[in-house]
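Examination of the molecular architecture
Listed here are the chains, written in short residue letters.
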Amino acid sequence: MKVVAYSIKPFEKEFLSKANQKKHEITLISNPLSIETTSYAEGKDGIIVFTNDDVSAGVIEKLAGLGIKYIATRSAGTDHIDREAASRHGIKVANVPYYSPEAIAEHAVALAFALNRNLIKANEHSHHFNFSNNGLMGFNFSGKTVGIIGLGNTGLATAAIFKGLGCIVIGYDLNFPEGSNVIEQVTLPYLYANADIISLHVPLNDGTKHIINKKSLHQMKDGVMLINTSRGPLVKTTDIIQAIYTGKVGYLGLDVYEFEKGLFFEDHEKDSFKDELLEELLQFDNVLITPHQAYLTREALQGIANQTIKNLDLWQQNKCVGKACVCAKTAGL
Ligand code: NAI
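Residues numbered from 1 in each chain as written. Predicted model: local features only at pLDDT ≥ 70, side-chain atom pairs only at ≥ 80, totals over all residues. Heavy atoms only, no water.

Looking at the environment of Met225
Mapping Met225 onto the fold places it in strand 10 (residues 224-228). In contact with Met225, not counting residues within four places along its chain, are Ala112, Leu115, Asn116, Phe139, Phe141, Asp196, Ile197, Ile198 and Tyr251. (Helix = DSSP H or I, 4+ residues; strand = E, 2+ residues; numbered from the N terminus. Contact = heavy atoms within 4.5 Å.)

Set out below in structure tokens:
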């Protein structure tokens, strides 16, 4: 199969090459997919994309005109793809439904630890030979209540780590997993009212956009720690900024940001205009932001590459990609 892979970072190449073993003719380009870059797809059977590529209806229409039949995303989330538009044009869509959920869980917990124990500030102080303990006090995770919203692959992996730390883990999911003896099933209002730490693990969809907003924040404990490694728009940024000012949110760890498209994954240090909301967030000592890197472990990257190539293999054999199929009609949209 002939494909072009958009938004390829240098560190991804070895994993894709190892997974592909020269089976498919893959053109790797660093440019993100947009209306302007659809021309790279000319003469190809399919494209490979990532989370911040523009796979909206207009782009899909252009791709369809170029004869593209397949879109494989190197991610679990599919919110960047207009799957209905793809379906209308007969384009098949696949994702990577499962790859190393521990990578995302460990990053969520890393954010929580770094925030709690002021690791970033402490390290900065140490670099200035300031070894004072003032302003570095944290709390024990052991005995605290952790609320996990979304108990799929990454939510369950995160719950297991917090459980191991001695936390009481409560959770909410539309489809609560059966047989979990680690997590107490609760309602969302109960979770908001009782959790000291809340970690988000739901996909971005109509039911989850801005799930963290003024109203939900109001129900939370004062000084709550909120961690988001899932998708930026789960959190209404303007509301969370207000909640940090009032002390309602005591700690905020974000690996994703509501307006990260066109910003994250690239170096924007020299840009003359900077995202003002993000600048406001970054001025808080109790906010920690990483650039959508929770997936970025060797194990996860190999897993992503392997599943992506497997999707191409199956399509080439005219077979369904199974659980990786996220075509609109089979995804129950
Ligand atoms: P998953 O599909 O295994 O689990 C998602 C869970 O959310 C499911 O159990 C589902 O029932 C639940 N859910 C869906 N809508 C809901 C709603 N309205 N209310 C309550 N629960 C709801 O997904 P997984 O692998 O755990 O990933 C979660 C999200 O994390 C992905 O969709 C993706 O957006 C994000 N992600 C971020 C990464 C990063 O590098 N920062 C890497 C991988 C995933």
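Structure shown, so let's carry the discussion forward.
Observations concerning the packing of helix 4 (residues 101-116) against helix 6 (residues 153-164)
Across the interface, helix 4 lies against helix 6 with an axial gap of 8 Å and an inter-helix angle of 50°. When the axes of helix 4 and helix 6 are compared, the pair comes out oblique. Seen along the crossing, helix 4 lies across helix 6 with a hand that is right-handed. Of the residues in helix 6, those touching helix 4 at Pro101, Glu102, Ile104, Ala105, Glu106, Ala108, Val109 and Ala112 are Asn153, Thr154, Ala157, Thr158, Ile161 and Phe162. In terms of residue class, the contact of helix 4 with helix 6 is built from 9 nonpolar, 3 polar and 2 charged. (Axes fitted to C-alpha atoms, helices over the stretch in contact; angles between N-to-C directions. Parallel < 35°, antiparallel > 145°, perpendicular 65-115°, else oblique. Left-handed = near helix turned anticlockwise from the far one by under 90°. Nonpolar A, V, L, I, M, F, W, Y, C, P; charged D, E, K, R; others polar.)

Describing the sheet that holds strand 8 (residues 184-185)
Strand order in the open sheet formed by 7 strands is 8-7-6-9-10-11-12, and the pairing between neighbours is parallel. The open sheet has two edge strands with one neighbour each: strand 8 and strand 12 (287-289). Across the sheet, helix 6 is in contact with strand 6 (145-149), strand 7 (168-172) and strand 9 (197-200); its angle to strand 6 comes to roughly 175°. (Pairing = 2+ DSSP bridges.)

A short note on the environment of Tyr40
For Tyr40, the position within the fold is in the loop between strand 2 (25-28) and strand 3 (46-49). Of the residues examined, Tyr40 reaches a relative accessible area of 40% and is grouped as partly exposed. A sequence separation of 36 residues divides Tyr40 from Val4, and the C-alpha atoms of the two residues are 7.0 Å apart. When neighbours within four sequence positions are excluded, Tyr40 is seen to be in contact with Val4, Tyr6, Ile29 and Asn31. (Buried < 20%, exposed > 50% of the residue type's maximum accessible area, 1.4 Å probe, protein only.)

A look at helix 1 (residues 13-20)
Within helix 1, the full set of buried residues consists of Phe15, Leu16, Ala19 and Asn20. Buried residues of helix 1, viewed axially, fall in a sector of 125°; they line one side. Among the exposed residues of helix 1, those oriented more than 90 degrees off its buried face are Glu14 and Lys18. Buried residues belonging to helix 1 abut strand 2 and helix 11 (298-316). (Arc of directions from axis to C-beta.)

Some thoughts on the domain arrangement of the chain
Partitioning the chain into domains gives domain 1 (2-99 + 298-330) and domain 2 (101-289). A straight line from the C-alpha centre of domain 1 to that of domain 2 covers 30 Å. Each partner contributes to the interface: domain 1 provides 13 residues, whereas domain 2 provides 13 residues. Together, the buried faces of domain 1 and domain 2 total about 1,000 Å²; carbon and sulfur atoms form 51% of this surface. (Domains from an automatic or database assignment. Buried area = accessible area lost by both parts, 1.4 Å probe.)

Side note on the sheet that holds strand 1 (residues 2-5)
The strand order across the open sheet formed by 5 strands is 2-1-3-4-5, and the pairing between neighbours is parallel. If you trace the sheet from one side to the other, it starts and ends with strand 2 and strand 5 (92-94), each paired once. Taking the axes of each pair of neighbouring strands and ignoring which way they run, one obtains an average angle of 20° across the sheet. Strand direction decides the pairing type here: strand 4 (residues 70-73) and strand 5, joined by 3 bridges, are parallel. Residue pairing for strand 5: Ile71 is matched across the bridge by Val93. Set on the sheet, helix 11 makes contact with strand 1, strand 2, strand 3, strand 4 and strand 5; between it and strand 4 the angle comes to about 160°.

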